[in-house]
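Chains, contacts and geometry: an overview
Residue-level listing of the chains:
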Amino acid sequence: MQQQIRPATLKDYPVSSDVRKFLENLMEAAGMNIVPPKLRGNMLLELAALFDSKMTIEAIVHMNRDAQDGLIKMVESGRSQKEINDFVINNLDDVSHVFEKVCEDFRRDYPARN
């Protein structure tokens, strides 16, 4: 089994302030504010990685074939995360729609406590 390497903290993980706030609100709504800060930070890091994966998948699904091929080449050549993010943003017809869909999916898949 291949082990995933994850950054130690959210400071090391490239997550935007909007996504971080969204995930923090999601955790708070689920009652996770009672969890010790270190564990809550680890949980937030896991959610950020999952959010990033889902966002990447949705972006790829909504790209045309040429853009998908270009993205694969960028990843394989070791381009920076910023370059890859900029490429994705520039090659999606409606970035906000994709972002909203991922947020909606997260709210559905990780509902707050009732």
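Higher on the page you've got the structure.
Quick caveat, the model's predicted, so the values are computed rather than measured. (Residues numbered from 1 in each chain as written. Predicted model: local features only at pLDDT ≥ 70, side-chain atom pairs only at ≥ 80, totals over all residues. Heavy atoms only, no water.)

Focus: helix α4 (residues 81-90)
- Within α4 the residues assigned to the buried category are I84, F87 and V88. On an axial view of α4, the arc spanned by its buried residues comes to 100°, and they lie on one face. The outward face of α4, more than 90 degrees from its buried face, is lined by the exposed residues K82 and N90.
- Buried-residue contacts for α4 involve α2 (37-61) and α3 (65-76). (Buried < 20%, exposed > 50% of the residue type's maximum accessible area, 1.4 Å probe, protein only. Helix = DSSP H or I, 4+ residues; strand = E, 2+ residues; numbered from the N terminus. Arc of directions from axis to C-beta. Contact = heavy atoms within 4.5 Å.)

Brief notes about the environment of R108
- As for its placement among the helices and strands, R108 is situated in helix α5 (residues 95-109).
- Take R108: its relative accessible area is 55%, and that puts it in the exposed class.

Topic: the packing of aromatic side chains
- In this structure the tally under the stated criterion is 4 aromatic pairs.
- Judged by centre distance (5.2 Å) and plane angle (65°), the ring pair of F51 and F106 falls under edge-to-face. With F51 in helix α2 and F106 in helix α5, the pair connects residues that are 55 residues apart, well separated along the chain. Neither F51 nor F106 differs from the other in exposure class; each is buried.
- In this structure an aromatic cluster arises from ring pairing among F22, F51, F99 and F106. (Phe/Tyr/Trp six-rings, centres within 6.5 Å; stacked < 30°, edge-to-face > 60°.)

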